[in-house]
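Here is how the chains run, residue by residue.
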Amino acid sequence: MMRLTKTGPLTILTIQLFLAGWSTMASAHEHHSTYSAGEPGDPKKPSRTIEIAMSEMEFDPYRIEVKRGEQIRFVLRNVGTEDHEFLLATTGENLKHAELMKKFPHMEHDDPNGVRVGPKKSAEILWKFTKAGTFEYSCLIPDHREYGMTGRVVVK
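Below is a short write-up of the structure. These numbers come from a predicted model, not from an experiment. (Residues numbered from 1 in each chain as written. Predicted model: local features only at pLDDT ≥ 70, side-chain atom pairs only at ≥ 80, totals over all residues. Heavy atoms only, no water.)

## Concerning the side chain of Glu136
1) Next: Within the secondary structure layout, Glu136 lies in strand β9 (residues 133–138).
2) Next: Accessibility expressed as a relative area gives 0% for Glu136, which makes it buried.
3) Next: Within polar-contact distance, the side chain of Glu136 engages the side chain of Asn94 at 2.9 Å.
4) Next: Of note is the side chain of Glu136, whose polar atom sits 2.6 Å from the side chain of Arg145.
5) Next: Excluding its chain neighbours within four sequence positions, the residues that come into contact with Glu136 are Leu87, Leu88, Ala89, Thr90, Thr91, Asn94, Arg145, Thr150, Gly151 and Arg152. (Helix = DSSP H or I, 4+ residues; strand = E, 2+ residues; numbered from the N terminus. Buried < 20%, exposed > 50% of the residue type's maximum accessible area, 1.4 Å probe, protein only. Polar contact = N/O pair within 3.5 Å; in protein donor to acceptor, adjacent residues only side chain to side chain. Contact = heavy atoms within 4.5 Å.)

## Let's talk about the pairing of strand β10 (residues 150–155)
1) Next: Within β10, five of the six residues are buried, leaving the element largely enclosed by the surrounding structure.
2) Next: Bridge count for strand β4 (residues 63–66) against β10 is four bridges, and the pairing is parallel. Each bridged residue has a counterpart across the sheet, and for Val66 the counterpart in β10 is Val155.
3) Next: The pairing of β9 with β10 spans six bridges and is classified as antiparallel. Within the sheet, the bridge partner assigned to Thr134 lies in β10 and is Val154. (Pairing = 2+ DSSP bridges.)

## Considering the pattern of salt bridges
1) Next: The full count for this structure, using the stated rule, is eleven salt bridges.
2) Next: The closest approach of N and O atoms between Arg63 and Glu65, which form a salt bridge, is 2.7 Å.
3) Next: Classification of Arg63 by relative accessible area gives partly exposed; the value is 46%.
4) Next: Looking at Glu65, the relative accessible area reads 39%, which means it is partly exposed.
5) Next: For Lys156, the salt bridge goes to Glu65, with nearest N and O atoms at 3.5 Å. Remark: Glu65 occurs in strand β4 and Lys156 occurs in the segment after β10; sequence separation between them is 91 residues.
6) Next: Put simply, Arg63, Glu65 and Lys156 are held in one network by salt bridges that share partners. (Salt bridge = Lys/Arg side-chain N within 4 Å of Asp/Glu carboxyl O.)

## Description of the sheet that holds strand β7 (residues 114–117)
1) Next: As summarised here, the arrangement of the five strands in space is β4-β10-β9-β6-β7, forming an open sheet in which the pairing is mixed. Looking along the sheet, the strands with just one partner apiece sit at the ends: β4 and β7. Averaged over all neighbouring strand pairs, the angle between strand axes comes to 20°, with direction disregarded.
2) Next: Relative to strand β6 (residues 84–89), helix α2 (residues 91–103) is tilted by about 140°, and along the sheet it contacts β6, β7, β9 and β10. (Axes fitted to C-alpha atoms, helices over the stretch in contact; angles between N-to-C directions.)

## A closer look at the sheet that holds strand β2 (residues 48–55)
Hydrogen bonds between backbone atoms are what pair the strands of a sheet, whose relative direction is either parallel or antiparallel.
1) Next: Strand order in the open sheet formed by five strands is β1-β8-β5-β2-β3, with mixed pairing between adjacent strands. Bordering the open sheet on either side are β1 (39–40) and β3 (58–60), each of which pairs with just one other strand.
2) Next: Alignment of strand β5 (residues 71–78) against strand β8 (residues 122–128), held across seven bridges, turns out to be antiparallel. Bridge pairing in β8 links Ile72 to Trp127.

## A short note on the side chain of Asn78
1) Next: With respect to the helices and strands, Asn78 occurs in strand β5.
2) Next: Under the relative-accessibility criterion, Asn78 is labelled buried at 2%.
3) Next: Here Gly80 takes part through its backbone nitrogen, which lies 2.8 Å from a polar atom of the side chain of Asn78.
4) Next: Not counting the four nearest positions on each side in its chain, Asn78 is found in contact with Met54, Asp83, His84, Val117, Gly118, Pro119, Lys120 and Lys121.

Keep in mind that these numbers describe shape and distance, not what the molecule does.
Below, the structure written as structure tokens:
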């Protein structure tokens, strides 16, 4: 027979809070069916390659122009000494996601429009820009965006 002690209710509350936080974190990285900046690219189709250097605390280049319908292979090189992210979305979406990252700073992205890259490492994202407008790529690791680690994609 199990007996509840004085720590029993506290343990149950701790487990409930953990599970609530876990479900919030899990739902934050569910795969999207649509993306504001376009859609994942098709590796069987041609693409233009754009290299982006990630350092403390900037992207180089800061601004990129592409044509609507163009497919881009982003080659992301972390030339810095810290982990950095590249998350392609609208400014509003990135700001909202940045708030969640403050609660879960070690969360890693598993979406076709985002990736975390370790120091001196590289990664690639293949993206087709199906919508005109201005979009943002940003590092959402806490404080990185605030220190200016953002960039712009202008789709014409």
